[in-house]
Amino acid sequence: MIKGAALRGYLLEEALAWLLRSSGYRLLVHESQDPEELATDGNTLRVRGRGALHQVDALGEFAFTPAFSMPVRLFLEAKFYQERCGLEIVRNAHGVLHDVNENFVMPAGRRPRQRYQYAYALFSTSGFTPDAQKYALAHQISLVDLSGASFAWLLGTIGTTAWTLEQAQFHLGMSGTFPVTWMRTELRKELGTWTASAGLLPTPAPADGRFRDEAQAAIAGFAAALQQNSGAELLLGFPSAPFILPLAVSDHLAFTTYADAQPDHAVRIRRRGNGGSAEWTLSPLGEEGAYELAFKLPKQVEDWISDVEGKERRRTLEVKEQFLSAITIYRMNGGGVRAYQLRYEASSLSHF
């Protein structure tokens, strides 16, 4: 029998894979999509490094290639822990990143081979220790803390779904091991992150019809909850900084209506509160009522802003100018990807 903790981890991985695809990335799920870089063991995807194969929770290829660069691929790792993620987890991410980015050999006589720039993002439901944050910022590994109020609905939905699945196997007396592969494939079908052309292995349904029906209902409910909140709570911003911003928007329609009409616009950025409790908001400059996005910065950045009395306002401005001067949001729009550029202008009245 499987424990709820393991189920919560699996569900978080699938939710974040869906988020990755919704944020302008093409999901990579099978070696057939890139036989030279990827390897598949059953339904487990691994990426070839210079010295080893590395398992991934989710892997996405960015829809656009930055100028004077290589195509970007993003490792996404999910940690549903009770305790904060420590230095050893971030150090492992750095080792993986270094190994895969060095895996390039051009033997004589062979055709030119495509090369990629891999990046890494760690998502944690309980945050990160100070040492982990310092190490991640130094090595440009993005840390995303899901412990804030903006993601309470997601963690609550995961917890409820995991509990329902755990109780179903217990009360219905399901024999054998829990059908994890079947559960994840069913969820990918519901979320649209699974395609038969990807080459995933067939996953027979559980023989116990009662368990299958209850599990399918729980999976469908989980997928529906994600889709209902798409663009509202699961919105990623990419600033000119070594971290990703999980953005909360109170009115999804208001944001997309404004951004579709003005995909490149100036914004006002404000910081409210102090230290680790500080929250940042941004809204269109001169039209603050059109929409509002809220986010939090890494705790190490907040600690730097607040650690010297009398310098908080100056340091807040420095963070805006250096890290938040341009925030890009990518959203799937039909069959394509739409990019929004939110620009902070230091000369505006949005300094504080």
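By convention here, each chain's residues receive numbers from 1 onward along its written sequence. Residue-level local features of this predicted model are given only where pLDDT is at least 70; pairs of side-chain atoms are given and counted only at 80 or more, and the full residue set underlies all totals for whole chains, interfaces and linings. Here the side-chain values reflect all heavy atoms present in the structure, with hydrogen atoms and water set aside.

(A) View of the overall build of the protein. Helix and strand assignments come from DSSP, with helices taken as H or I runs of at least 4 residues and strands as E runs of at least 2, each series counted from the N terminus. A tally of regular secondary structure across the protein gives nine helices and 15 strands. Note on classification: 1.4 Å probe, protein chains only; a residue is buried when its accessible area is under 20% of the maximum for its type, exposed when over 50%, partly exposed between these limits. The buried share of the protein, taken over its 352 residues, is 49%. The contacts of the protein with a sequence gap of at least 6 include a subset with a gap of at least 24, amounting to 63%. With an accessible surface of roughly 16300 Å², the protein has 51% of that area assigned to carbon and sulfur atoms. Residue contacts follow a heavy-atom distance rule, with two residues in contact if any of their heavy atoms lie within 4.5 Å. Residue burial considers only the protein chains on display, and all accessible areas are found by Shrake-Rupley using a 1.4 Å probe.

(B) Spotlight on the pattern of salt bridges. Here a salt bridge means any side-chain nitrogen of Lys or Arg lying within 4 Å of a carboxyl oxygen belonging to Asp or Glu. Going through the model one piece at a time under the given rule, you end up with 20 salt bridges. A salt bridge links Arg 184 to Glu 14; the shortest N-O distance between them is 2.7 Å. Linking Arg 184 in helix α5 (residues 180-191) with Glu 14 in helix α1 (residues 4-22), this pair joins segments that are 170 residues apart in sequence. Exposure remark for Arg 184: the relative accessible area of 14% places this residue in the buried category. As a salt-bridge pair, Arg 271 and Glu 302 come within 2.8 Å of each other at their nearest N and O atoms.

(C) Summary view of the sheet that holds strand β14 (residues 326-333). Ordered by their spatial adjacency, seven strands build a closed barrel running β9-β10-β13-β12-β11-β15-β14, and the pairing between neighbours is mixed. When the angles between neighbouring strand axes are averaged without regard to direction, this sheet yields 35°. Here, axes are lines fitted to C-alpha atoms. For helices the fit covers the stretch in contact, and angles between N-to-C directions go from 0 to 180 degrees. On top of the sheet, α1 reaches β9 (235-239) and β14; it is set at about 100° to β14, its chief contact. This element, helix α7 (residues 252-261), spans β9, β10 (245-249), β11 (264-272), β12 (279-284), β13 (293-295), β14 and β15 (336-344) of the sheet and lies at about 85° to β15. Here a strand pair is declared whenever DSSP counts at least two bridges between the two strands.

(D) Up close: the pairing of β9. Burial runs high along β9: five of the five residues are buried. Where burial is concerned, the two faces of β9 agree: the one with Leu 235, Gly 237 and Pro 239 and the one with Leu 236 and Phe 238 are both buried. Examined bridge by bridge, β9 and β10 share three bridges and lie antiparallel to one another. The partner of Leu 235 across the bridge, within β10, is Leu 247. Hairpin geometry of β9 and β10 is characterised by an intervening segment of five residues between the two adjacent antiparallel strands. Two elements, β9 and β14, share three bridges in a ladder whose sense is antiparallel. Directly across from Pro 239, in β14, lies its bridge partner Ile 327.

(E) Expanded view of the side chain of Thr 316. Along the chain, Thr 316 falls in helix α9 (residues 312-323). The class of Thr 316 is buried, set by a relative accessible area of 6%. At 2.8 Å, the side chain of Thr 316 and the backbone oxygen of Glu 312 are in polar contact. Aside from chain neighbours lying at most four places away, what touches Thr 316 is Arg 271, Trp 280 and Ile 305. Any pair of nitrogen or oxygen atoms within 3.5 Å is treated as a polar contact; in protein, a donor-acceptor pairing is required on top of that, and neighbouring residues in sequence qualify only through side-chain atoms on both sides.

(F) Here's a closer look at the packing of α5 against helix α6 (residues 209-228). Across the interface, α5 lies against α6 with an axial gap of 9 Å and an inter-helix angle of 40°. In terms of axis orientation, α5 runs oblique to α6. Like other packed secondary-structure pairs, α5 and α6 cross with a definite hand, here right-handed. Within the contact between the two elements, α5 uses Trp 182, Met 183, Glu 186, Leu 187, Glu 190 and Leu 191 and α6 uses Arg 212, Ala 215, Gln 216, Ile 219, Ala 220, Phe 222, Ala 223, Leu 226 and Gln 227. The class makeup of the residues in the contact of α5 with α6 is 10 nonpolar, two polar and three charged. Should an angle lie under 35 degrees it is considered roughly parallel, over 145 roughly antiparallel, and from 65 to 115 roughly perpendicular; all remaining angles are considered oblique. The crossing is said to be left-handed when, going from far helix to near helix, the turn is anticlockwise and less than a right angle, and right-handed when the turn is clockwise. Polar here means any residue outside two lists: the nonpolar Ala, Val, Leu, Ile, Met, Phe, Trp, Tyr, Cys and Pro, and the charged Asp, Glu, Lys and Arg; Gly therefore counts as polar.

(G) Main features of the side chain of Glu 37. With respect to the helices, strands and loops of the structure, Glu 37 is situated in the loop between β1 (25-27) and β2 (38-41). Within polar-contact distance, the side chain of Glu 37 engages the side chain of Tyr 118 at 2.8 Å. Not counting residues up to four positions away in its chain, the partners in contact with Glu 37 are Arg 46, Val 47, Arg 48, Arg 73, Asn 103, Arg 113, Gln 114, Tyr 116 and Tyr 118.

(H) Local environment of the nonpolar core. Within the largest apolar cluster, 49 residues are counted, with the highest numbers of intra-cluster contacts made by Phe 123, Phe 178 and Leu 226. The next biggest cluster of nonpolar side chains, apart from the first, holds 26 residues, and it includes Ile 269, Leu 297, Ile 329 and Tyr 344. We call a set of buried Ala, Val, Leu, Ile, Met, Phe, Trp, Tyr and Cys residues a nonpolar core when their side-chain atoms join them within 4.5 Å.

(I) How the structure looks around α5. Expected span of a helix: the number of residues minus one, times 1.5 Å. Across its 12 residues, α5 extends 16 Å between first and last C-alpha, which sits within 8% of the 16 Å expected from 1.5 Å per residue. Considered for burial, the residues of α5 that qualify are Val 180, Trp 182, Met 183, Arg 184, Thr 185, Glu 186, Leu 187, Arg 188 and Leu 191. Buried-residue contacts for α5 involve α1, α4 (152-171) and α6. Looking one or two residues beyond α5, the residue adopting positive phi is Gly 192, at roughly 75°.

(J) Focus on α6. Taking 1.5 Å of rise per residue, 20 residues should cover 28 Å, and α6 covers 28 Å from first to last C-alpha, within 8% of that figure. All of the buried residues along α6 are Phe 211, Ala 215, Ala 218, Ile 219, Phe 222, Ala 223, Ala 225 and Leu 226. The buried residues of α6 all sit within an arc of 155° when viewed along its axis, so they share a single face. Within α6, the exposed residues directed more than 90 degrees away from the buried face are Arg 210, Ala 217 and Gln 228. Lining the buried residues of α6 we find α1, α4 and α5. Directions are taken from the helix axis to each C-beta atom, and the arc is the one they span.

(K) Molecular detail of the sheet that holds β2. The three strands lie next to each other as β2-β3-β4, forming an open sheet whose pairing is antiparallel. Each edge of the open sheet carries a strand with a single partner, namely β2 and β4 (53-55). Pairs of neighbouring strands in the sheet enclose a mean axial angle of 35°, with direction left out of account. Note: strand β3 (residues 44-48) against β4, three bridges, orientation antiparallel. If you follow Arg 48 over to β4, its bridge partner there is Leu 53.

Limitation: the analysis is restricted to geometry and does not speak to function.
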